[in-house]
Amino acid sequence: MKFHSTTSQPAIDDHCDLRLTRPPTALARSIAPDRGMLNAYLDRICASAQYSNFGPIHEEFARSVCNTLTADHALLFTNATLALTTVMRAARIGGEVITTPFSFAASAHAISWADAKPVFVDIDERTLTLDPRAVEAAITERTQAILAVHVYGTICDVKALQAVAKKHGLFLIFDAAHAWDVRLDGVPVHRFGDATIYSLHASKLMHSGEGGVLVCNDTTIASLARRLQNFGIESDGSINVPGSNGKLSELHAALGLSVLPKVDAEKAKRRLLRETYVERLREFDWLQPIAPTERATESLQYFALQVLSEQTEPANNRRDRLCAALAEVNVQSRKYFYPLCSDFPHYQSTTTDSKRDLAVAQRAAQQALCLPFHSGVETHAIDQIVASARRLN
Ligand SMILES: Cc1ncc(COP(=O)(O)O)c(C=O)c1O
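Residues numbered from 1 in each chain as written. Predicted model: local features only at pLDDT ≥ 70, side-chain atom pairs only at ≥ 80, totals over all residues. Heavy atoms only, no water.

**Student:** Hey, could you run me through the site of the ligand in this one?
**Tutor:** Neighbouring the ligand are 15 residues; Thr81, Asp175, His178, Ser199 and Lys204 lie closest to it. The contact in question runs from an oxygen atom of the ligand to an N or O atom on the side chain of His178, over 2.7 Å. When the ligand sits alone it has 390 Å² of accessible area, and the protein chains cover 92% of it. Among the secondary structure elements, those contributing two or more residues to the shell around the ligand are helix 4 (80-90) and helix 5 (105-113). Among the residues making up the shell around the ligand, the classes are represented as 5 nonpolar, 8 polar and 2 charged. (Near = heavy atom within 4 Å. Polar contact = N/O pair within 3.5 Å; in protein donor to acceptor, adjacent residues only side chain to side chain. Areas by Shrake-Rupley, 256 points an atom, 1.4 Å probe, with all protein chains shown as cover. Helix = DSSP H or I, 4+ residues; strand = E, 2+ residues; numbered from the N terminus. Nonpolar A, V, L, I, M, F, W, Y, C, P; charged D, E, K, R; others polar.)

**Student:** Which parts of the structure should I look at to understand the domain arrangement of the protein chain?
**Tutor:** As a measure of interface size, the accessible area lost when the parts come together is often cited. As far as domains go, the protein chain holds domain 1 (35-261) and domain 2 (263-392). Relative placement of domain 1 and domain 2: their C-alpha centres are 25 Å apart. In this assembly, 38 residues from domain 1 lie in contact with 40 residues from domain 2. Taken as a group, Phe120, Tyr152 and Leu205 account for 24% of the area that domain 1 buries against domain 2, more than any other trio of residues on that side. Between domain 1 and domain 2 we count 2 salt bridges in total. There are 16 residue pairs in polar contact (both at pLDDT 80 or more) connecting domain 1 and domain 2. Taken together, the elements giving at least two residues each to the side of domain 1 that touches domain 2 come down to helix 5, strand 3 (117-120) and strand 6 (183-184). (Domains from an automatic or database assignment. Contact = heavy atoms within 4.5 Å. Buried area = accessible area lost by both parts, 1.4 Å probe. Salt bridge = Lys/Arg side-chain N within 4 Å of Asp/Glu carboxyl O.)

**Student:** When you look at the sheet that holds strand 11 (residues 303-307) in this model, what are you seeing that I'm missing?
**Tutor:** Sheet strands line up and pair through hydrogen bonds in the backbone, either parallel or antiparallel. Across the sheet, 3 strands lie side by side as 10-11-12; this open sheet has antiparallel pairing. Edge positions in the sheet fall to strand 10 (287-289) and strand 12 (368-371), since each has one partner strand and no second. For this sheet, the mean angle separating the axes of adjacent strands, direction not counted, is 35°. Direction of pairing for strand 11 relative to strand 12: antiparallel, over a ladder of 4 bridges. Pairing of Leu305 across the sheet is with Leu369, part of strand 12. Here helix 11 (residues 317-328) sits on the sheet in contact with strand 10, strand 11 and strand 12, set at roughly 25° to strand 12. Sheet strands touched by helix 13 (residues 359-367): strand 11 and strand 12. Its angle to strand 12, the strand with the most contacts, is close to 40°. (Pairing = 2+ DSSP bridges. Axes fitted to C-alpha atoms, helices over the stretch in contact; angles between N-to-C directions.)

**Student:** Got a minute to help me understand helix 9 (residues 250-259) in this structure?
**Tutor:** The α-helix advances 3.6 residues per turn, and as a result positions three or four apart in sequence lie on the same side. Where burial is concerned, most of helix 9 is hidden: 8 out of the 10 residues are buried. When helix 9 is considered as a whole, its buried residues turn out to be Glu250, Ala253, Ala254, Leu255, Gly256, Leu257, Ser258 and Val259. Each element contacted by the buried residues of helix 9 is listed here: helix 2 (35-48), helix 3 (56-69) and helix 10 (263-280). In this structure Ser249 caps helix 9, since a side-chain oxygen of it lies 3.3 Å from the backbone nitrogen of Leu251. (Buried < 20%, exposed > 50% of the residue type's maximum accessible area, 1.4 Å probe, protein only.)

**Student:** Where do I start with the confidence of the model for the protein chain in this structure?
**Tutor:** Should the pLDDT be low somewhere, the predicted coordinates at that spot are not to be read in detail. The share of residues in the protein chain with pLDDT of 70 or more is 93%, and the mean pLDDT across the chain is 93. Contacts of residues 1-16 to residues separated by more than four positions or lying in other chains number 23 contacts, the stretch itself having pLDDT below 50. (pLDDT = per-residue confidence, 0-100.)

Listed below in structure tokens is the structure:
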């Protein structure tokens, strides 16, 4: 049996043997909690027998989240999708919500679950986030809100979107599921717009297994959202609105508290990994890493590439071949975000957006590829990625 090459340029025929000898390189790996902290929280939970309903560990986690994000208030949810739906309900958003098709399904689905209709418009070529000019062009008398996504942690043109929202009296929500603790010119991203959600799902840099955070800049809407995440129960016990159950449990809060102190160390390793990827992939002019936002701190959630095809081949050709080649050598990659949300059969049949020009988003979806991005990615996996790309050159 051959052993893997540790040089930066493995022999091309090594990859078949590597497939047999190496465990797969996962796309994502959750930060492991500090076990001492987690055990101490679990002891407290079991001793108190309070497992949910805004218990002391939930409250402690909410304070830590506020401190980390520099937020005055934050509501913790079971997940970010429900946080999105709930804030739309709290802001009484119906009608149409303008959003990006280039995102994870949750963004568009949350709009549907809030009983509104997503209207997909095109994205900006450079940032791959919602294009403020396309947003303005799509506004009708039915439009009530804009849901913009800081996709891959790349920050939207927040000021232009704020200006459009203000001019037309629209509620502006930012989906910051990929942008934990990102700051633009030193300002936390949730200061922009009316509300921002963060995801604490296990796939995210900062996580609590499942979980979400809502930061709402309007205190009336925030207080209604708080009631809505608890069945609509008022402080006097009465129930006047149909709420849901979106409370984060004590167990999830404990996990979050035990992961939070380890985020900075993980970030430092991901920063190095990002630099290594950029350096090692520089030889391929057809592989273009998505650049972090200027003047913003890095999200370090994904390492996303645009894989450019030859002019003579279909736009997704080389991306799909690279993805398949990586699977062959046991390296996971993901076509995030493909297909576009606007191409899901449900939205094809419920919206008329197929007539809208989504050319930039269509191309982005055909070129997008995310590579493994976490502190467990080893040099041999990077060697394999480079070798696979060379085979496609
Ligand atoms: C852009 C975006 N928004 C929302 C969500 C939903 O987050 P959650 O899994 O916490 O509901 C995700 C999840 O990956 C996401 O990528």
